[in-house]
Amino acid sequence: MPLSEEELRMLEQMERALLAEDPKFASTLRGSRMAGSVRRRIILSSTGFVAGIALLMTGVVARQEIVGIVGFLVMLGAAVFGLTALRARHAVPDTPEQALQAGQGLTVIDGGRRPRRQRSSRGSGSFMERMEQRWRRRREGGY
C-alpha cells in the first residue's frame with residue numbers, strides 16, 4: 001500500500017532530522033547496503049570479463065568464430081555492467097554533509113531513487129567560443 005503525500009513528506013522530514021542530528025548513524029544506514037551491492041557488481045563484472053577473454057581466446061585457438069564472438073560479447077557486457085557499478089559508487093556522497101548539501105539523504109520517495117540531475121552547460125556559446133575564451137584567460141592571466 002503506497003504512502004500518501006502527507007506521510008511521504010513527514011517521512012522525508014524525519015530523515016532530514018535524523019541526518020542533521022546523528023550524521024554518523026545516518027551514513028551507516030545509507031552506505032552499508034549500497035557499498036556491498038556495488039562491490040558485488042564489480043566482482044561479478046570482473047569475473048565475467050575474464051570469462052569473456054577465456055571464451056574469446058578459446059574461439060581463436062579452436063578457430064570457432066561463433067565462440068570468439070560470444071566471448072567478445074560477454075566481455076563487452078561485463079565491462080558495461082562494471083562501469084555502471086563504478087558510476088553508481090561515485091554517485092553516492094561520501095559524508096553526510098555532502099548529502100545534505102546535495103539534497104540527498106535516506107530518501108524513500110519514488111522508491112529511494114534520486115531524481116535525475118539536469119546537465120548544466122559548462123559555458124555559453126559553442127565549443128570554439130569556449131576555447132577562445134580559455135585561450136584569452138591563459139594569455140592574460142599567465143596560466
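Everything below is about the structure shown above.
Computed from a predicted model, the values in this text were never measured in an experiment. (Residues numbered from 1 in each chain as written. Predicted model: local features only at pLDDT ≥ 70, side-chain atom pairs only at ≥ 80, totals over all residues. Heavy atoms only, no water.)

1. Let's talk about the overall build of the protein chain
- Helix and strand counts for the protein chain come out as five helices and zero strands.
- Ordered by position from the N terminus, the helices and strands of the protein chain form the series α-α-α-α-α.
- Looking at the 143 residues of the protein chain, the share that counts as buried comes to 16%.
- Of all intrachain contacts in the protein chain linking residues separated by at least 6 positions in sequence, the fraction that spans at least 24 positions is 56%. (Helix = DSSP H or I, 4+ residues; strand = E, 2+ residues; numbered from the N terminus. Buried < 20%, exposed > 50% of the residue type's maximum accessible area, 1.4 Å probe, protein only. Contact = heavy atoms within 4.5 Å.)

2. Looking at the packing of aromatic side chains
- In total, this model carries zero aromatic pairs according to the counting rule given.
- Between Arg-41 and the ring centre of Phe-81, over which it is positioned, the NZ or CZ distance is 4.7 Å. (Phe/Tyr/Trp six-rings, centres within 6.5 Å; stacked < 30°, edge-to-face > 60°. Lys NZ or Arg CZ within 6 Å of the ring centre and 35° of its normal.)

3. Re the environment of Arg-16
- One can find Arg-16 in helix α1 (residues 5-21).
- You can call Arg-16 partly exposed: its relative accessible area is 47%.
- Separated by 2.6 Å, the side chains of Arg-16 and Glu-12 make a polar contact. (Polar contact = N/O pair within 3.5 Å; in protein donor to acceptor, adjacent residues only side chain to side chain.)

Purely geometric stuff here, so don't read any function into it on its own.
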